[in-house]
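Structural features, examined
Each chain, written out:
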Amino acid sequence: MHYEWSALYETLRGCTGCGLAQTRSHVVIGDGNHSAAIMLVGEGPGREEDLQGIPFVGNAGKLLDKMLAAIALDRSEVYICNIVKCRPPQNRVPADVEAMACLPYLRAQFALVRPKIIVCLGATAARYVYDESVRITRDRGVWKCKKGIWILPTYHPAALLRDEGKKRDAWEDFKKLKSKYLELQQKNMEKKE
Ligand code: URA
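Below or above, wherever it landed, is the structure these notes cover. (Residues numbered from 1 in each chain as written. Predicted model: local features only at pLDDT ≥ 70, side-chain atom pairs only at ≥ 80, totals over all residues. Heavy atoms only, no water.)

**So, the pairing of strand β2 (residues 38–42)**
For β2, the tally of buried residues reaches five of five residues, placing the bulk of the element in the interior. Of the two faces of β2, the one holding I38, L40 and G42 and the one holding M39 and V41 are both buried throughout. Across five bridges, the pairing between β2 and strand β3 (residues 78–82) is parallel. From the neighbouring strand, G42 faces β3, where its bridge partner is N82. The sheet contact formed by β2 and strand β4 (residues 117–121) spans four bridges and is parallel. What sits directly across from M39, in β4, is I118. (Buried < 20%, exposed > 50% of the residue type's maximum accessible area, 1.4 Å probe, protein only. Helix = DSSP H or I, 4+ residues; strand = E, 2+ residues; numbered from the N terminus. Pairing = 2+ DSSP bridges.)

Structural data, given as structure tokens:
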């Protein structure tokens, strides 16, 4: 389905495509730059996100902002969204029917933003973005390229809050993200010359 941003917002705000619509306070669509080269995809809104209608504003979001800042990026340069746009009760993993109902909206966001890089934050994001058999501990940090878009799976920031031991690997992944971003920027400049 092809959407303009305004139609996507309107449709999502009225969406009753799955049961999560019944318990949400806000639909959490996305945040950041609508023409960003980097798009980060999480799992689904948590409590704070549901209350504010903005993705990654709770504790995991604060950590994500810090990690982006550490590679000299902020929200104005990336686009952040989730697999499901409404909060799963008790922050459970979205059910397959919920994720599948919401995927057309994520595809519409990909089509509108046209990112060069997609970062999958956690297994749920990676499974629905590119491969249902992903295991995040095994597959994180390894680039995939699909239809010219570079995809990087890494740990979800909430997983880093639960297990500090994962932070070192996540930091390596963010450094890879920065290098790829700079490499693609450089190539883009050379094409324009
Ligand atoms: N976790 C997610 O996956 N997404 C959010 O927006 C917040 C926490």
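**Looking at the packing of helix α3 (residues 59–70) against helix α8 (residues 167–192)**
For any two helices packed against each other, the geometry is given by the interaxial angle and the distance between the axes. It is at 10 Å that the axes of α3 and α8 come closest, and there the two elements cross at 50 degrees. Here α8 runs oblique to α3, going by the angle between their axes. The way α3 lies across α8 gives a crossing that is right-handed. On α8, the residues touching L63, L64, M67, L68 and A70 of α3 are K167, A170, W171 and F174. Grouping the amino acids of the contact of α3 with α8 by side-chain chemistry returns eight nonpolar, no polar and one charged. (Axes fitted to C-alpha atoms, helices over the stretch in contact; angles between N-to-C directions. Parallel < 35°, antiparallel > 145°, perpendicular 65-115°, else oblique. Left-handed = near helix turned anticlockwise from the far one by under 90°. Contact = heavy atoms within 4.5 Å. Nonpolar A, V, L, I, M, F, W, Y, C, P; charged D, E, K, R; others polar.)

**Quick notes on unusual backbone geometry**
If a residue is not glycine, its phi is most likely negative; likewise, a peptide bond is most likely trans. Phi at A72 is positive, roughly 60 degrees, even though this residue is not glycine. With respect to the secondary-structure elements, A72 resides in the loop between α3 and β3. Phi is positive for N91, which is not a glycine, with a value near 55 degrees. Inspection of the secondary structure puts N91 in the loop between β3 and α4 (96–113). Looking at N91, the relative accessible area reads 44%, which means it is partly exposed.

**Details of the side chain of R75**
If you trace the backbone, R75 turns up in the loop between α3 and β3. Look at R75 and you get buried, because its relative accessible area is 15%.

By themselves, these are just geometric observations and shouldn't be taken as functional.
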